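Working through the structure, step by step
Chain by chain, the residues run as shown.
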Amino acid sequence: MTVLMCWTLPCQPAVAMGIPVFVLAGLLVHCVFLVSIFDIYFSSPLVHGMTPQQTPLPPPAKRLVLFVADGLRADSLYELSSNNTSRAPYLRSILENKGSWGISHTRVPTESRPGHVALIAGFYEDVSAVAKGWKENPVEFDSVFNESKYTWSWGSPDILPMFAKGATGDHVYTFCYTAESEDFGADDAAKLDTWVFDHVKSFFNSSRSNQTLFSALNKEKVVLFLHLLGIDTNGHAHRPNSREYKENIEKVDEGIKEIVSLIDNFYGNDGKTAFILTSDHGMTDWGSHGAGHPSETLTPLIVWGAGVNYPQKVESQVFEDNFLKEWKLEHLKRLDVNQADVAPLMASLIGVPFPLNSVGTLPLEYLNNSAHFKAESIFTNAVQILEQFKVKMSQKKETTLSFLFTPFKPLSDSEQMNFLKKARLFIQQQKYDEVVSLCKTLINLALDGLSYYHTYDRLFLGLSIAVSFVGWTTYVILVIIKMHTNLTKTVQANSKESTVLFYSFAFVGMMIIFFLWIQTCPWTYYIYCLLPVPVWHAVVRELPVIQDLARNLLSFHITQSVGFLLVCTLGIEILVFSFFYRSTLTVGLLVFAGWPVISQLWVQAKTTALIWTLLCLLLAIFPLMPVVGREPNIPLVIAAGLLTLLISCFSLPSFCKSENRYRNNEDMKVHFYQMLTIALSTYVVSSTHDSLKNKQGLPVLNQIISWMTLVSSLVVPFLSPTFLLQRLFSILLSLMSTYLLLSTGYEALFPLVLSGLMFVWIHMEQEALQHYGLSLKPKLAVFNFTCVTDITQFRQLHLDDVRRAFFFVFFIVTAFFGTGNIASVNSFDPASVYCFLTVFSPFMMGGLLLLKVVIPFVLVSCAFEAVQVITQLSSKSISHYVLVMSLTIFMMLMNGLAQLLTTKRLELPRRTKHHST
């Protein structure tokens, strides 16, 4: 039977020769589509060449101390405990008696680097910084530290160096602990903050015997920056509602009290020091951040000292939230700001130029100074933002033909002059309220103008990409229909028409190049704008196919055609909605559960159909569950490991009894080794959880086992037999051992249920093929991945193949959103990688989280590879490539990985047996 399944019919030479070129073209096209997203929507907003702007009046403070409590939520600081006392009594007394307070509203992504850039540089980080691990400067920018006379900073090596590297001159100094200190499994992460406070104290004590340092500290425009990471680390490790997180806040409160007292004594209580406490981002109840939940975007802001308003008593104030009542602060005026507004506030307090790239608006209500000073400060703020607008407008004007350039009308050159003249006149007339109102209007218009010019080419480029995408999709569909269906006839191409067509499109391409060249556009514009030319040239060349197809389609029964289109539309809508609402996947799976009944397959395979329905219903539960990581449940992970072991034990006899039973001891050893890795993974998860819970850190032995399991899981499947069921089961066991180590709760059961459904899907597809009379029904056990060649000439694409492609795409989407694993990447939550490492490492942790997301994809892709084998559609045929290429490049890569995992086998060297004579 095995021999019968190894067809060796010759391939079509033309098709075989065309596949590599077609695949390469598809990869290039999709790479352009992927890169265009970042180039069009996530390009850096920064511009350079502005003139620094500084308030002309003397500042109220000589120095500024900035405390940033990383990961501190606003409610965690402001709320009172059950006995009506604050866990931060010193800071509470400050906001009640000495300073102003409010909430600083952050923006997505709520990560440490973007938050600090917004606070210190005054602009919102572009997404390109993620490629640097949020540690380096992808684009150079100005900051308050750069504009200061001297800045000394203490804290994390992930944050401080980026501001020192971006500074001009040698005046920003950093003092960092080691990266290994940022351990989520440490017994007490608050020691990171204690380290900062101790080193600041030591720094000031040593300055008394160092005349150079003492002199520098007594200069004006000095900034002291204390980055406090302990709260964030404890939040990730123990959650924000934990005792560790709350105690860390108490320690920070005590440390700030000591530092403020130390600095006041050092400067002889001269009243020239301003203090700011805030946070870069908040944190969810389950210990993650990165997204836009209010617990992540609402951070505290307390400002006191030189030049800062005292608490303002109010009888009532209106906010959309109910926090004031909960915090019992309804009698003190709450002054909310955007996070980028803190940078101009710091610049105004110590009299340094506003950061050149700042888009923040100076919060005047925090200032305790003359109306004249406030007016001059907000005017400086407006001019500084207007300078950015003018540079941005100039850049866009230079790269656009004059007759095509559309300026931002509310801020034309005359309007700009009018605003500035009015503001200066009002200052001379001492109409300071009018100045403030006018400057705020100018700031808002300038910010709108910046956004206008930043997105000036977005529509044009977006249309180019859209035209390319539609053209490519059309071409792919035409290739499928032309080569693998009988809907069209073979038409001989007219060489003369082809030549005319070629030169016509070449002329269009030359016109596009000339148009872009005279505007000195970036080289990427040439790619985006020229891509539609060859794509649509390929489409128009198939015009006879389109005409022939249209005639055939019109001959079909109208009711069947409309019904087919409606079903396709419904299926696509379910896929689209699943990107926004995970529960939509449940609806789709419930429909899938009834597929055997609708297609009448249950008549010939009742048992298989019943199992299919039950597994669809079971899988439909997962999209209704909360996103993974919110409620860790280690017992469920252990249960998933034990269940996998149980299934492995029960499957062993069936493999041994099958026609292609394990050929030798090596195959048995591979199977038992995989069972051992499952058992070890289950133990490591349980042991690591207990160790971290007891604050004993990550055991070294557990870490070694975890990494060895991960590496071996990528190799062991290649040692197993290539018979269909055995290889698929081997892939499941190997990937499951790694997935268990990356799981924290119910998601550990997801690959098991998904794989069970995939195995049944393979059986159902074989039944479907027999049901439509397209194939006999050989046993699945005899199928061998390595003995399948291209046999597409035996049958052309059937309408049921469209349904198979849709099933594949739906299962891929289910693998992606089924448990919400992507949330672990989007919102930084390191809990899933604690078996591998607990020391902060963004790239390593991000890579492991992505691996967790990819594993279900691989399981589905391998199952689809098996479906193609049993349905006589070899993955080496162009039909499969075009089906996948029309969707996404990622599926193409998954298909390649699936082929590698299912068809290749490594042979271990065997010992030669010597027979005695």
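Keep in mind the model is a prediction, meaning the values are calculated, not measured.

Bringing the overall build of the protein chain into the picture now. When helices and strands are tallied, the protein chain shows 35 helices and 8 strands. The buried share of the protein chain, taken over its 917 residues, is 55%. In the protein chain, once contacts between residues fewer than 6 apart in sequence are set aside, the share between residues at least 24 apart is 79%. Looking at the protein chain as shown, the accessible area adds up to about 40,800 Å², and 63% of this sits on carbon and sulfur atoms.

Another aspect to go through is the sheet that holds strand β6 (residues 273–278). Spatial ordering of the open sheet is given by β4-β3-β5-β1-β6-β7-β2-β8, a layout of 8 strands whose pairing is mixed. Each end of this open sheet is capped by a strand with a single partner; those strands are β4 (172–176) and β8 (337–338). Pairing between strand β1 (residues 63–69) and β6: 6 bridges, direction parallel. Across the sheet, the residue bridging to valine 65 is phenylalanine 275, located in β6. Sheet strands touched by helix α3 (residues 89–97): β2 (100–105), β6 and β7 (298–305). Its angle to β7, the strand with the most contacts, is close to 65°.

Attention shifts here to the packing of helix α30 (residues 750–771) against helix α33 (residues 842–870). In the contact formed by α30 and α33, the axes pass within 10 Å of each other and the chain directions differ by 15°. Classified by the angle between their axes, α30 and α33 sit roughly parallel to one another. Two packed elements cross with a definite hand, and for α30 against α33 that hand is right-handed. Contacts from Phe750, Pro751, Leu754, Ser755, Met758, Trp761, Ile762, Glu765, Gln766 and Leu769 in α30 reach Pro856, Leu859, Val860, Ala863, Phe864, Ala866, Val867 and Ile870 in α33.

Inspection of every chain in the model, using the stated rule, returns 56 aromatic pairs. With a centroid separation of 5.1 Å and an interplanar angle of 70°, the aromatic rings of tryptophan 154 and phenylalanine 203 are classed as edge-to-face. On the criterion of sequence distance, the pair formed by tryptophan 154 in strand β3 (residues 150–155) and phenylalanine 203 in helix α7 (residues 191–207) is long-range, its members being 49 residues apart. Summarising the burial analysis for this pair, tryptophan 154 and phenylalanine 203 share the class buried. Ring pairing ties together the aromatic residues Tyr150, Trp152, Trp154, Tyr173, Phe175, Phe203, Phe204, Phe214, Phe266 and Tyr267, which thus form one cluster.

What follows covers the state of the cysteines. Tallied over the entire structure, the rule returns 0 disulfides. Left without a disulfide partner, cysteine 521 is nearest to the cysteine sulfur of cysteine 529, which lies 7.4 Å away. Residue cysteine 521 is classed as buried on the basis of its relative accessible area of 15%.

Inspection of every chain in the model, using the stated rule, returns 19 salt bridges. With a closest N to O distance of 2.4 Å, glutamate 258 and lysine 201 form a salt bridge. Linking glutamate 258 in helix α10 (residues 243–266) with lysine 201 in helix α7, this pair joins segments that are 57 residues apart in sequence. Judged by relative accessible area, lysine 201 falls into the partly exposed class, the value being 25%. Across the salt bridge formed by arginine 424 and glutamate 376, the nearest N and O atoms sit 3.3 Å from each other. With arginine 424 in helix α15 (residues 413–428) and glutamate 376 in helix α14 (residues 371–398), this pair connects stretches of sequence that are 48 residues apart. With a relative accessible area of 30%, arginine 424 lands in the partly exposed category. A single salt-bridge network, built from bridges that share partners, covers Arg243, Glu244, Glu247 and Lys695.

It is worth spelling out the packing of helix α31 (residues 799–817) against α33 at this point. With their axes 8 Å apart at the nearest point, α31 and α33 run at an angle of 165° to one another. Viewed along their axes, α31 and α33 adopt a mutual orientation that is roughly antiparallel. The chirality of how α31 crosses α33 is right-handed. Each of Arg804, Phe808, Phe811, Ile812, Ala815 and Phe816 in α31 lies in contact with α33, whose residues at this interface are Val853, Pro856, Phe857, Val860, Ser861, Phe864 and Val867. For the contact of α31 with α33, the class distribution of residues is 11 nonpolar, 1 polar and 1 charged.

This part covers the environment of aspartate 285. Summarising the element assignment, aspartate 285 is placed in the loop between β6 and α11 (294–297). Expressed as a C-alpha distance, the spacing of aspartate 285 and proline 240, which sit 45 residues apart in the sequence, is 5.9 Å. Contact partners of aspartate 285, with chain neighbours within four places excluded, come to Arg73, Arg239, Pro240 and Asn241. At 2.8 Å, the side chain of aspartate 285 forms a polar contact with the side chain of arginine 73.

When pLDDT is averaged along the protein chain, the result is 86; 87% of the residues meet or exceed 70. Segment residues 1–17: pLDDT under 50, and 24 contacts once partners within four positions in sequence are set aside and those in other chains are kept. This model gives residues 789–794 a pLDDT under 50, and the stretch forms 19 contacts once residues within four places in sequence are excluded.

What follows covers the nonpolar core. In terms of nonpolar packing, the biggest core is built from 70 residues, with Leu64, Leu66, Ile276, Phe389 and Leu411 touching the most fellow members. Per-element tally for this core: the top contributor is helix α16 (residues 432–454), with 11 residues. Excluding anything up to four places from it in sequence, leucine 411 contacts Leu386, Phe389, Gln416, Phe419, Leu442, Leu445 and Ala446. Judged by nonpolar contacts, the second largest core, of 63 residues, contains Leu589, Phe622, Val853 and Phe857.

Secondary-structure assignment places histidine 116 in helix α4 (residues 112–121). You can call histidine 116 buried: its relative accessible area is 0%. Within the structure, the side chain of histidine 116 is placed 2.8 Å from the backbone oxygen of serine 112, a separation counted as a polar contact. Among all residues touching histidine 116, those that are not within four sequence positions of it are Val68, Asp70, Ala121, Ile159, Met162, Phe163, Phe225, His227 and Asp280.

Looking now at a nonpolar patch on the surface. Where nonpolar side chains cluster on the molecular surface, the patch consists of Phe403, Leu404, Phe460, Phe514, Phe515, Trp517 and Ile518 and spans about 730 Å² of accessible area. In terms of residue count, the dominant contributor to the nonpolar patch is helix α18 (residues 495–517) (3 residues). Inspection of the secondary structure puts phenylalanine 460 in helix α17 (residues 458–484).

Okay, the pairing of β7 next. Counting buried positions along β7 gives 7 out of 8 residues, so the element sits mostly inside the fold. Sheet topology note: the β2/β7 ladder contains 6 bridges and is antiparallel. Directly across from serine 100, in β7, lies its bridge partner valine 303. Where β6 meets β7, 5 bridges bridge the pair, whose relative direction is antiparallel. Bridging across to β7, isoleucine 276 finds its partner in valine 303.

In this section: α16. Helix length check: α16 (23 residues) gives 32 Å between terminal C-alpha atoms against 33 Å at 1.5 Å per residue, within 8%. What α16 keeps buried is the set Tyr432, Val435, Val436, Leu438, Cys439, Leu442, Ile443, Leu445, Ala446, Gly449, Leu450 and Tyr453.

The rules we used
- Residues numbered from 1 in each chain as written.
- Predicted model: local features only at pLDDT ≥ 70, side-chain atom pairs only at ≥ 80, totals over all residues.
- Heavy atoms only, no water.
- Helix = DSSP H or I, 4+ residues; strand = E, 2+ residues; numbered from the N terminus.
- Buried < 20%, exposed > 50% of the residue type's maximum accessible area, 1.4 Å probe, protein only.
- Contact = heavy atoms within 4.5 Å.
- Areas by Shrake-Rupley, 256 points an atom, 1.4 Å probe, with all protein chains shown as cover.
- Pairing = 2+ DSSP bridges.
- Axes fitted to C-alpha atoms, helices over the stretch in contact; angles between N-to-C directions.
- Parallel < 35°, antiparallel > 145°, perpendicular 65-115°, else oblique.
- Left-handed = near helix turned anticlockwise from the far one by under 90°.
- Phe/Tyr/Trp six-rings, centres within 6.5 Å; stacked < 30°, edge-to-face > 60°.
- Disulfide = S-S within 2.5 Å.
- Salt bridge = Lys/Arg side-chain N within 4 Å of Asp/Glu carboxyl O.
- Nonpolar A, V, L, I, M, F, W, Y, C, P; charged D, E, K, R; others polar.
- Polar contact = N/O pair within 3.5 Å; in protein donor to acceptor, adjacent residues only side chain to side chain.
- pLDDT = per-residue confidence, 0-100.
- Core = buried A, V, L, I, M, F, W, Y, C linked by side-chain atoms within 4.5 Å.
- Patch = residues over 30% accessible without salt bridge, like charges linked within 9 Å, V, L, I, M, F, W, Y side chains within 5 Å.
- Expected span 1.5 Å × (residues − 1).

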